Amino acid sequence: MFYHTRFLARLVLFAATTLFALTTAQAHNGRKIVLPVDKVKGGLSVMVLGSGGPVATSKRVSTGYLIFTDGTPRILMDAGGGVFQRIGKSGAKIGGIEHIIFTHLHMDHDGALTPILAMSFFHNMAAGTVRNTPYRFAGPSANAISPFPSTSGYLNGLFSPDGGLERYLAGFPPALGAGTFTFETQDISADTALPMSTVFSDADGLVVKAIAVNHGPVPALAYRIEYKGKSLVYSGDTTSKTDNVIALAQNTDLLIYDTAILDDTPAPFINLHTTPTRIGEVAVASGAKKLLLSHITGITEPHLHSIKHTIREQGFSGPLKVAHDLQVINLHMKGKIHH
Ligand SMILES: [Zn+2]
(Lines give C-alpha, C1' and ligand atoms only; values in the text may rest on other atoms or scores of the structure.)
Protein backbone atom coordinates (compact mmCIF):
# COMPACT_ATOMS: atom_id res chain seq x y z
CA MET A 1 0.00 0.00 0.00
CA PHE A 2 2.83 2.36 0.96
CA TYR A 3 4.59 1.53 -2.28
CA HIS A 4 1.39 2.13 -4.24
CA THR A 5 0.91 5.60 -2.72
CA ARG A 6 4.49 6.56 -3.39
CA PHE A 7 4.17 5.32 -6.98
CA LEU A 8 1.09 7.49 -7.50
CA ALA A 9 2.81 10.53 -5.98
CA ARG A 10 5.69 10.06 -8.40
CA LEU A 11 3.27 9.79 -11.30
CA VAL A 12 1.54 13.03 -10.34
CA LEU A 13 4.91 14.77 -10.15
CA PHE A 14 5.81 13.31 -13.54
CA ALA A 15 2.54 14.55 -15.02
CA ALA A 16 2.99 18.04 -13.61
CA THR A 17 6.51 18.23 -15.01
CA THR A 18 5.34 17.00 -18.40
CA LEU A 19 2.52 19.53 -18.57
CA PHE A 20 4.90 22.34 -17.65
CA ALA A 21 7.29 21.28 -20.40
CA LEU A 22 4.46 21.28 -22.94
CA THR A 23 3.27 24.74 -21.92
CA THR A 24 6.71 26.29 -22.19
CA ALA A 25 7.41 24.63 -25.55
CA GLN A 26 4.30 26.15 -27.08
CA ALA A 27 5.18 29.69 -26.08
CA HIS A 28 8.66 29.81 -27.57
CA ASN A 29 9.97 33.40 -27.81
CA GLY A 30 6.54 34.72 -26.93
CA ARG A 31 5.06 33.40 -30.19
CA LYS A 32 2.56 30.60 -30.25
CA ILE A 33 3.95 27.65 -32.20
CA VAL A 34 1.47 26.18 -34.67
CA LEU A 35 1.46 22.44 -34.16
CA PRO A 36 0.37 19.99 -36.88
CA VAL A 37 -2.78 19.23 -34.88
CA ASP A 38 -3.72 22.93 -35.08
CA LYS A 39 -4.06 22.50 -38.87
CA VAL A 40 -6.83 19.91 -38.53
CA LYS A 41 -10.08 21.55 -39.65
CA GLY A 42 -13.64 20.25 -39.83
CA GLY A 43 -15.22 17.09 -41.22
CA LEU A 44 -12.81 14.32 -42.19
CA SER A 45 -9.05 14.86 -41.86
CA VAL A 46 -5.97 12.67 -42.08
CA MET A 47 -2.57 13.39 -40.56
CA VAL A 48 0.37 11.50 -42.08
CA LEU A 49 2.39 10.33 -39.08
CA GLY A 50 4.90 8.25 -41.02
CA SER A 51 5.45 8.38 -44.79
CA GLY A 52 8.40 5.98 -44.92
CA GLY A 53 9.02 2.25 -45.09
CA PRO A 54 10.97 -0.12 -42.83
CA VAL A 55 14.10 2.08 -42.80
CA ALA A 56 13.80 5.36 -40.91
CA THR A 57 15.47 8.37 -42.53
CA SER A 58 16.11 11.93 -41.42
CA LYS A 59 12.68 12.91 -42.72
CA ARG A 60 10.51 9.78 -42.76
CA VAL A 61 9.55 7.22 -40.12
CA SER A 62 7.58 4.02 -40.72
CA THR A 63 3.88 3.94 -41.52
CA GLY A 64 1.06 5.55 -39.59
CA TYR A 65 -1.97 7.79 -40.16
CA LEU A 66 -4.23 9.52 -37.69
CA ILE A 67 -7.83 10.04 -38.80
CA PHE A 68 -9.87 12.89 -37.31
CA THR A 69 -13.58 13.66 -37.53
CA ASP A 70 -14.58 17.23 -36.73
CA GLY A 71 -11.12 17.77 -35.24
CA THR A 72 -11.18 14.75 -32.92
CA PRO A 73 -8.68 11.90 -33.39
CA ARG A 74 -10.73 8.72 -33.88
CA ILE A 75 -8.67 6.14 -35.77
CA LEU A 76 -5.00 5.22 -35.77
CA MET A 77 -4.27 3.39 -39.02
CA ASP A 78 -0.97 1.46 -38.69
CA ALA A 79 1.60 2.17 -36.01
CA GLY A 80 5.11 1.60 -37.37
CA GLY A 81 8.38 2.55 -35.68
CA GLY A 82 8.68 6.32 -35.20
CA VAL A 83 4.92 6.91 -35.17
CA PHE A 84 5.09 7.26 -31.37
CA GLN A 85 7.43 10.23 -31.72
CA ARG A 86 5.40 11.79 -34.54
CA ILE A 87 2.22 11.70 -32.44
CA GLY A 88 4.11 13.53 -29.71
CA LYS A 89 5.42 16.11 -32.15
CA SER A 90 1.99 16.58 -33.73
CA GLY A 91 0.41 17.82 -30.50
CA ALA A 92 -2.50 15.38 -30.95
CA LYS A 93 -3.97 13.96 -27.75
CA ILE A 94 -4.99 10.34 -28.28
CA GLY A 95 -6.54 9.40 -24.93
CA GLY A 96 -9.91 9.03 -26.63
CA ILE A 97 -8.74 7.14 -29.73
CA GLU A 98 -11.43 4.57 -30.54
CA HIS A 99 -10.10 2.42 -33.35
CA ILE A 100 -6.65 1.07 -34.16
CA ILE A 101 -6.59 -0.67 -37.52
CA PHE A 102 -3.72 -2.53 -39.17
CA THR A 103 -3.17 -3.11 -42.87
CA HIS A 104 -0.83 -5.97 -41.98
CA LEU A 105 1.54 -7.09 -39.27
CA HIS A 106 4.96 -6.19 -40.66
CA MET A 107 7.02 -4.28 -38.10
CA ASP A 108 6.97 -1.05 -40.12
CA HIS A 109 3.18 -1.03 -39.59
CA ASP A 110 2.80 -2.19 -35.98
CA GLY A 111 6.14 -1.82 -34.14
CA ALA A 112 5.20 1.26 -32.08
CA LEU A 113 1.88 -0.04 -30.79
CA THR A 114 2.77 -0.67 -27.14
CA PRO A 115 4.34 2.75 -26.42
CA ILE A 116 1.46 4.45 -28.26
CA LEU A 117 -1.08 2.69 -26.03
CA ALA A 118 0.91 3.68 -22.93
CA MET A 119 1.00 7.27 -24.20
CA SER A 120 -2.78 7.24 -24.63
CA PHE A 121 -3.15 6.29 -20.96
CA PHE A 122 -0.90 9.19 -19.94
CA HIS A 123 -2.87 11.55 -22.20
CA ASN A 124 -6.01 10.55 -20.33
CA MET A 125 -4.32 11.16 -17.01
CA ALA A 126 -3.05 14.58 -18.11
CA ALA A 127 -6.54 15.53 -19.34
CA GLY A 128 -8.17 14.27 -16.17
CA THR A 129 -10.28 11.85 -18.22
CA VAL A 130 -11.14 8.29 -17.31
CA ARG A 131 -11.46 5.80 -20.12
CA ASN A 132 -13.30 2.54 -19.63
CA THR A 133 -14.38 1.82 -23.21
CA PRO A 134 -12.41 -0.84 -25.10
CA TYR A 135 -9.86 -0.06 -27.80
CA ARG A 136 -11.32 -1.52 -30.97
CA PHE A 137 -8.66 -3.18 -33.12
CA ALA A 138 -9.00 -4.58 -36.61
CA GLY A 139 -6.58 -6.21 -39.00
CA PRO A 140 -6.07 -9.21 -41.26
CA SER A 141 -6.71 -12.83 -40.44
CA ALA A 142 -3.90 -15.37 -40.70
CA ASN A 143 -3.44 -17.41 -43.89
CA ALA A 144 -2.07 -20.84 -44.67
CA ILE A 145 1.08 -19.71 -46.49
CA SER A 146 2.87 -17.38 -44.07
CA PRO A 147 4.01 -17.33 -40.42
CA PHE A 148 1.90 -14.27 -39.53
CA PRO A 149 -0.62 -14.67 -36.71
CA SER A 150 -4.14 -13.35 -37.02
CA THR A 151 -4.54 -9.81 -35.66
CA SER A 152 -6.40 -11.17 -32.61
CA GLY A 153 -3.62 -13.73 -32.10
CA TYR A 154 -1.03 -10.94 -32.28
CA LEU A 155 -2.85 -8.68 -29.82
CA ASN A 156 -3.71 -11.47 -27.40
CA GLY A 157 -0.08 -12.56 -27.55
CA LEU A 158 0.90 -9.07 -26.42
CA PHE A 159 -1.86 -7.96 -24.08
CA SER A 160 -3.98 -10.89 -22.89
CA PRO A 161 -4.22 -10.77 -19.08
CA ASP A 162 -3.75 -14.52 -19.31
CA GLY A 163 -0.15 -14.79 -20.46
CA GLY A 164 0.27 -11.82 -22.85
CA LEU A 165 3.92 -10.75 -22.98
CA GLU A 166 3.05 -7.09 -22.33
CA ARG A 167 0.17 -7.79 -19.94
CA TYR A 168 1.74 -5.46 -17.37
CA LEU A 169 0.42 -2.60 -19.51
CA ALA A 170 -3.09 -3.18 -18.16
CA GLY A 171 -1.81 -2.00 -14.78
CA PHE A 172 -1.02 1.48 -16.08
CA PRO A 173 -4.48 3.09 -16.46
CA PRO A 174 -5.70 2.09 -12.96
CA ALA A 175 -2.41 3.31 -11.42
CA LEU A 176 -2.78 6.60 -13.29
CA GLY A 177 -6.44 6.98 -12.33
CA ALA A 178 -7.14 6.99 -16.07
CA GLY A 179 -9.53 4.03 -16.35
CA THR A 180 -8.91 0.55 -17.66
CA PHE A 181 -7.30 -1.10 -20.68
CA THR A 182 -9.60 -3.49 -22.48
CA PHE A 183 -9.78 -4.28 -26.18
CA GLU A 184 -11.83 -6.00 -28.85
CA THR A 185 -10.36 -7.31 -32.08
CA GLN A 186 -11.87 -8.02 -35.48
CA ASP A 187 -9.99 -10.36 -37.79
CA ILE A 188 -10.84 -9.49 -41.39
CA SER A 189 -10.36 -12.23 -43.95
CA ALA A 190 -7.14 -11.93 -45.93
CA ASP A 191 -8.74 -13.79 -48.86
CA THR A 192 -8.41 -11.52 -51.89
CA ALA A 193 -11.28 -13.33 -53.62
CA LEU A 194 -13.75 -11.76 -51.17
CA PRO A 195 -15.45 -8.40 -51.86
CA MET A 196 -14.97 -5.39 -49.60
CA SER A 197 -16.66 -5.51 -46.21
CA THR A 198 -17.65 -2.98 -43.57
CA VAL A 199 -15.33 -3.13 -40.56
CA PHE A 200 -17.36 -0.75 -38.43
CA SER A 201 -20.04 1.86 -38.83
CA ASP A 202 -20.31 4.32 -35.95
CA ALA A 203 -23.50 6.10 -34.92
CA ASP A 204 -22.20 9.49 -36.11
CA GLY A 205 -21.59 8.23 -39.66
CA LEU A 206 -17.92 7.28 -39.49
CA VAL A 207 -17.56 4.14 -41.61
CA VAL A 208 -14.51 1.98 -42.27
CA LYS A 209 -14.45 -0.61 -45.05
CA ALA A 210 -11.70 -3.06 -45.93
CA ILE A 211 -10.69 -5.40 -48.71
CA ALA A 212 -7.88 -7.97 -48.77
CA VAL A 213 -4.97 -7.11 -51.05
CA ASN A 214 -2.00 -9.05 -52.39
CA HIS A 215 1.24 -8.33 -50.49
CA GLY A 216 3.08 -11.45 -51.60
CA PRO A 217 2.43 -14.15 -48.99
CA VAL A 218 1.59 -11.62 -46.25
CA PRO A 219 -2.06 -11.31 -45.12
CA ALA A 220 -2.86 -7.66 -45.93
CA LEU A 221 -5.75 -5.21 -46.21
CA ALA A 222 -6.56 -1.86 -47.80
CA TYR A 223 -8.98 0.49 -46.00
CA ARG A 224 -11.61 3.02 -47.00
CA ILE A 225 -12.75 5.60 -44.44
CA GLU A 226 -15.95 7.59 -44.99
CA TYR A 227 -17.46 10.50 -43.08
CA LYS A 228 -20.06 13.11 -44.01
CA GLY A 229 -19.85 12.44 -47.75
CA LYS A 230 -16.04 12.41 -48.02
CA SER A 231 -13.70 9.45 -48.17
CA LEU A 232 -10.09 8.40 -48.22
CA VAL A 233 -8.54 5.09 -49.20
CA TYR A 234 -5.20 3.68 -48.13
CA SER A 235 -3.73 0.86 -50.21
CA GLY A 236 -1.58 -0.58 -47.41
CA ASP A 237 1.38 -2.51 -48.80
CA THR A 238 0.35 -4.35 -51.94
CA THR A 239 1.45 -5.43 -55.39
CA SER A 240 -2.02 -4.39 -56.63
CA LYS A 241 -2.02 -7.59 -58.69
CA THR A 242 -5.76 -7.88 -58.14
CA ASP A 243 -8.22 -5.07 -58.90
CA ASN A 244 -9.24 -4.88 -55.23
CA VAL A 245 -7.87 -1.39 -54.56
CA ILE A 246 -9.72 -0.22 -57.68
CA ALA A 247 -12.97 -1.63 -56.26
CA LEU A 248 -12.37 -0.09 -52.82
CA ALA A 249 -11.27 3.33 -54.09
CA GLN A 250 -14.16 4.09 -56.45
CA ASN A 251 -14.49 7.89 -56.71
CA THR A 252 -12.64 8.43 -53.44
CA ASP A 253 -11.54 11.96 -52.57
CA LEU A 254 -8.03 10.87 -51.61
CA LEU A 255 -6.09 7.73 -52.50
CA ILE A 256 -2.94 7.14 -50.43
CA TYR A 257 -0.63 4.69 -52.18
CA ASP A 258 2.27 2.37 -51.36
CA THR A 259 5.18 3.86 -53.35
CA ALA A 260 8.03 1.55 -52.38
CA ILE A 261 9.45 0.41 -55.74
CA LEU A 262 10.15 1.37 -59.37
CA ASP A 263 8.89 -0.39 -62.49
CA ASP A 264 12.20 -2.25 -62.86
CA THR A 265 12.81 -3.14 -59.20
CA PRO A 266 13.68 -6.86 -59.00
CA ALA A 267 12.52 -9.55 -56.59
CA PRO A 268 11.79 -9.73 -53.74
CA PHE A 269 10.25 -6.24 -53.68
CA ILE A 270 8.48 -6.50 -57.05
CA ASN A 271 6.48 -9.35 -55.48
CA LEU A 272 5.43 -7.20 -52.52
CA HIS A 273 4.77 -3.63 -53.71
CA THR A 274 3.14 -1.67 -56.55
CA THR A 275 5.04 -0.27 -59.52
CA PRO A 276 4.50 3.39 -60.49
CA THR A 277 2.82 2.26 -63.72
CA ARG A 278 0.32 0.17 -61.77
CA ILE A 279 -0.30 3.00 -59.26
CA GLY A 280 -1.27 5.19 -62.21
CA GLU A 281 -3.54 2.49 -63.68
CA VAL A 282 -5.30 1.95 -60.35
CA ALA A 283 -5.72 5.68 -59.73
CA VAL A 284 -7.30 6.18 -63.16
CA ALA A 285 -9.51 3.07 -63.00
CA SER A 286 -10.81 3.95 -59.54
CA GLY A 287 -11.71 7.53 -60.39
CA ALA A 288 -9.77 8.74 -57.33
CA LYS A 289 -9.80 12.54 -57.20
CA LYS A 290 -6.41 13.05 -55.51
CA LEU A 291 -3.40 10.81 -55.16
CA LEU A 292 -0.87 10.91 -52.32
CA LEU A 293 2.31 8.85 -52.68
CA SER A 294 3.51 7.43 -49.36
CA HIS A 295 5.55 4.53 -47.90
CA ILE A 296 8.52 6.13 -49.67
CA THR A 297 11.64 3.94 -49.46
CA GLY A 298 15.33 4.22 -50.26
CA ILE A 299 14.43 2.80 -53.68
CA THR A 300 11.88 5.49 -54.54
CA GLU A 301 13.13 8.56 -52.64
CA PRO A 302 15.70 9.56 -55.33
CA HIS A 303 13.18 9.03 -58.17
CA LEU A 304 10.00 10.77 -57.03
CA HIS A 305 9.95 13.11 -60.03
CA SER A 306 10.10 10.28 -62.58
CA ILE A 307 7.58 8.23 -60.57
CA LYS A 308 5.09 11.11 -60.84
CA HIS A 309 5.82 11.33 -64.55
CA THR A 310 5.11 7.61 -65.00
CA ILE A 311 1.82 7.96 -63.11
CA ARG A 312 0.82 10.92 -65.31
CA GLU A 313 1.60 8.81 -68.40
CA GLN A 314 -1.14 6.39 -67.33
CA GLY A 315 -3.62 9.25 -67.60
CA PHE A 316 -4.04 10.37 -64.00
CA SER A 317 -4.70 14.12 -64.14
CA GLY A 318 -5.81 15.02 -60.59
CA PRO A 319 -3.65 16.51 -57.84
CA LEU A 320 -0.63 14.25 -57.24
CA LYS A 321 1.66 14.80 -54.25
CA VAL A 322 4.33 13.03 -52.23
CA ALA A 323 3.41 12.62 -48.56
CA HIS A 324 5.56 14.01 -45.79
CA ASP A 325 5.51 13.26 -42.08
CA LEU A 326 3.06 15.39 -40.07
CA GLN A 327 1.23 16.61 -43.17
CA VAL A 328 -2.47 17.30 -42.57
CA ILE A 329 -5.13 16.90 -45.25
CA ASN A 330 -8.61 18.22 -44.51
CA LEU A 331 -11.02 16.45 -46.87
CA HIS A 332 -13.88 18.88 -46.32
CA MET A 333 -11.78 21.98 -47.00
CA LYS A 334 -11.32 23.24 -50.54
CA GLY A 335 -7.87 23.79 -51.97
CA LYS A 336 -4.56 22.05 -52.16
CA ILE A 337 -3.77 18.77 -50.48
CA HIS A 338 -0.30 19.96 -49.53
CA HIS A 339 0.28 21.96 -46.35
ZN1 LIG B 1 5.52 -1.60 -45.19
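The structure presented is a predicted model; accordingly, all values stated were derived computationally and were not measured. (Residues numbered from 1 in each chain as written. Predicted model: local features only at pLDDT ≥ 70, side-chain atom pairs only at ≥ 80, totals over all residues.)

Novice: I tried to follow the overall build of the protein chain on my own but got confused; where do I start?
Specialist: For the protein chain, the count of helices and strands is nine helices and 14 strands. Put simply, 65% of the contacts in the protein chain that link residues at least 6 apart link residues at least 24 apart. (Helix = DSSP H or I, 4+ residues; strand = E, 2+ residues; numbered from the N terminus. Contact = placed C-beta atoms within 7 Å.)

Novice: Is there a simple way to think about the nonpolar core in this case?
Specialist: The tendency in soluble globular proteins is for nonpolar side chains to be buried as a group. If you look at the biggest cluster of nonpolar residues, it comprises 82 residues, and the most contacted ones within it are M47, A222 and Y223. Those residues in contact with Y223 that lie beyond four places of it in its chain are M77, I101, T103, V208, A210, V233 and Y234. (Core = buried A, V, L, I, M, F, W, Y, C linked by C-beta atoms within 7 Å. Buried ≥ 20, exposed ≤ 12 C-beta atoms within 10 Å, placed from the backbone.)

Novice: Would you take a moment to explain helix α8 (residues 276–286) for this structure?
Specialist: Along an α-helix, a turn takes 3.6 residues, which lines up residues three or four apart on a common side. Inspection of α8 places P276, R278, I279, G280, V282, A283 and S286 among the buried residues, and these make up the whole buried set. Buried residues along α8 sit in contact with α7 (244–248), β11 (254–258), β12 (291–294) and α9 (304–313). Looking at the residues trailing α8, positive phi occurs at G287, about 75°.

Novice: Please clarify how the sheet that holds strand β2 (residues 64–69) should be interpreted in this entry.
Specialist: Backbone-to-backbone hydrogen bonds pair the strands of a sheet. The strands run either parallel or antiparallel. Read across the open sheet, the seven strands follow the order β6-β5-β4-β3-β2-β1-β14; overall the sheet is mixed. Of all strands in the sheet, those bounded by a partner on one side alone are β6 (183–188) and β14 (328–330). The sheet shows a mean angle of 20° between the axes of neighbouring strands, taken without regard to direction. The sheet contact formed by strand β1 (residues 44–50) and β2 spans six bridges and is antiparallel. In the sheet register, G50 faces β2, and the bridge partner there is G64. Each of β1, β2 and β3 (72–79) is contacted by helix α2 (residues 83–90), which is oriented at about 125° to β1, the strand it contacts most. (Pairing = 2+ DSSP bridges. Axes fitted to C-alpha atoms, helices over the stretch in contact; angles between N-to-C directions.)

Novice: So what exactly am I meant to see when it comes to the pairing of β3 here?
Specialist: Looking along a regular strand, one sees the side chains alternate between the two faces of the sheet. Most of β3 sits inside the fold, with seven of its eight residues counted as buried. As paired strands, β2 and β3 are joined by six bridges and run antiparallel to one another. Across the sheet, the residue bridging to I67 is I75, located in β3. Adjacent in sequence and paired antiparallel, β2 and β3 are bridged by two residues, among which D70 carries a positive phi angle near 50°. Two strands pair when backbone bridges link them, and β3 and strand β4 (residues 99–101) are joined in this way by three bridges, in the parallel orientation. Residue pairing in the sheet places I75 in a bridge with H99 of β4. As for the winding sense of the linkage, the β-α-β connection from β3 through α2 to β4 is right-handed. (Right-handed = clockwise from strand over helix to strand, strands pointing away.)

Novice: What is the right way to read the sheet that holds β12 from this model?
Specialist: Overall, mixed pairing links the seven strands, which are arranged β7-β8-β9-β10-β11-β12-β13 in an open sheet. A strand with exactly one partner marks an edge of an open sheet, and here the two such strands are β7 (197–201) and β13 (320–322). Within this sheet the neighbouring strands show an average axis-to-axis angle of 20°, counted without direction.

Novice: Before we go on, may I ask you to explain helix α4 (residues 113–127) in this structure?
Specialist: Across its 15 residues, α4 extends 21 Å between first and last C-alpha, which sits within 8% of the 21 Å expected from 1.5 Å per residue. Taken together, the buried positions of α4 are occupied by L113, L117, S120, F121, F122, H123, N124 and M125. (Expected span 1.5 Å × (residues − 1).)

Novice: What is the right way to look at the confidence of the model for the protein chain in this model?
Specialist: On average, residues of the protein chain score 92 in pLDDT, and 90% of them are at 70 or above. Contacts for the low-pLDDT stretch residues 19–25, under 50 throughout, to residues beyond four places or in other chains number one contact. (pLDDT = per-residue confidence, 0-100.)

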